Amino acid sequence: MISRPEPVQLAALCFRTPKRKDTPEVLLVTSSRGRWILPKGWPINGLDSWETALQEAWEEAGVHKGNPWRDPLTSFSSVKRHPNGIEQRCAVSVYPVEVEEMRKDYPEADRRQRQWLSLPEAHERVDEPALHGVLQLFEQELAARA
């Protein structure tokens, strides 16, 4: 049996460390179904994977300036639910983006909510099991870099 590789989506794990806090916060956005997720999308021709993740952070979350990691933190398997009801399994590569500047007006501002959360709060908000693992791995990676 021949199997094809899963299609790939690219996600931005947007983070910041507020001046009055010593722990990072991550930015979650709502999906079209109201679940809390990372900004993500399909690869964009002519852009590197990390550049696409940064573009998705702009379109879905209003990240105007950020410093993306050039290598993915991790990848996970997810199911993309299309508006026509079709479900498609895909691999999601996650690129952390240290956010420098946000905008209130961005392409999907009228379709999504966004919220900065501590890592424990983000764990409570997400319901996709793979995202719990991503957040945990990110926390470990930040501790190792400190």
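Each remark here, short or long, concerns the structure printed above.
Residues numbered from 1 in each chain as written. Predicted model: local features only at pLDDT ≥ 70, side-chain atom pairs only at ≥ 80, totals over all residues. Heavy atoms only, no water.

What about the overall build of the protein?
Next, step 1: Broken down by element type, the protein carries 3 helices and 8 strands.
Next, step 2: Helices and strands appear in the protein in the N-to-C order β-β-β-β-α-β-β-β-β-α-α.
Next, step 3: In terms of overall size, the protein behaves like a compact globule, its C-alpha atoms giving a radius of gyration of 15 Å where 146 residues would be expected to give roughly 15 Å.
Next, step 4: If you line up the protein on its principal axes, its C-alpha atoms span 55 × 35 × 35 Å. (Helix = DSSP H or I, 4+ residues; strand = E, 2+ residues; numbered from the N terminus. Rg over C-alpha atoms; globule rule 2.2 N^0.38 Å.)

Details of the pattern of salt bridges
Pairs may arise between side chains of opposite charge once their charged atoms sit close together.
Next, step 1: Throughout the structure, instances matching the rule amount to 8 salt bridges.
Next, step 2: As a salt-bridge pair, Arg16 and Glu25 come within 2.8 Å of each other at their nearest N and O atoms.
Next, step 3: The partner of Glu101 in a salt bridge is Lys65, with the nearest N and O atoms 3.9 Å apart. With Glu101 in strand S7 (residues 87-102) and Lys65 in strand S5 (residues 63-68), this residue pair connects regions lying 36 residues apart in the sequence.
Next, step 4: For Lys65, a relative accessible area of 42% gives the class partly exposed.
Next, step 5: Connected through salt bridges with shared partners, the residues Glu60, Glu108, Arg111 and Arg112 form a single ionic network. (Salt bridge = Lys/Arg side-chain N within 4 Å of Asp/Glu carboxyl O. Buried < 20%, exposed > 50% of the residue type's maximum accessible area, 1.4 Å probe, protein only.)

Focus: helix H3 (residues 129-145)
Next, step 1: Look at H3: 25 Å from first C-alpha to last across 17 residues, which is about the 24 Å you get at 1.5 Å a residue.
Next, step 2: Those residues of H3 that fall on the buried side of the exposure criterion are Leu131, Val134, Leu135 and Phe138. Each buried residue of H3 lies within a common arc of 95° when the element is viewed along its axis, so the set occupies one face. Exposed positions of H3 whose direction lies more than 90 degrees from the buried face are Pro129, Ala143 and Ala144.
Next, step 3: On its buried face, H3 is in contact with strand S1 (8-16), strand S2 (25-30), strand S3 (36-37), strand S6 (74-81), S7 and helix H2 (119-125). (Expected span 1.5 Å × (residues − 1). Arc of directions from axis to C-beta. Contact = heavy atoms within 4.5 Å.)

Details of the side chain of Glu25
Next, step 1: With respect to the helices, strands and loops of the structure, Glu25 is situated in strand S2.
Next, step 2: Given a relative accessible area of 8%, Glu25 falls into the buried group.
Next, step 3: Setting aside residues no more than four positions away along its own chain, Glu25 makes contact with Cys14, Phe15, Arg16, Pro18, Trp116, Leu117 and Ser118.

Looking at the environment of Ser31
Next, step 1: Examined against the element boundaries, Ser31 turns out to sit in the loop between S2 and S3.
Next, step 2: Sequence-wise, Ser31 and Glu60 are 29 residues apart; in three dimensions their C-alpha atoms are separated by 9.4 Å.
Next, step 3: In contact with Ser31, other than residues within four places in its own chain, are Ile37 and Arg112.

Without other data, these values stay purely geometric and don't point to any function.
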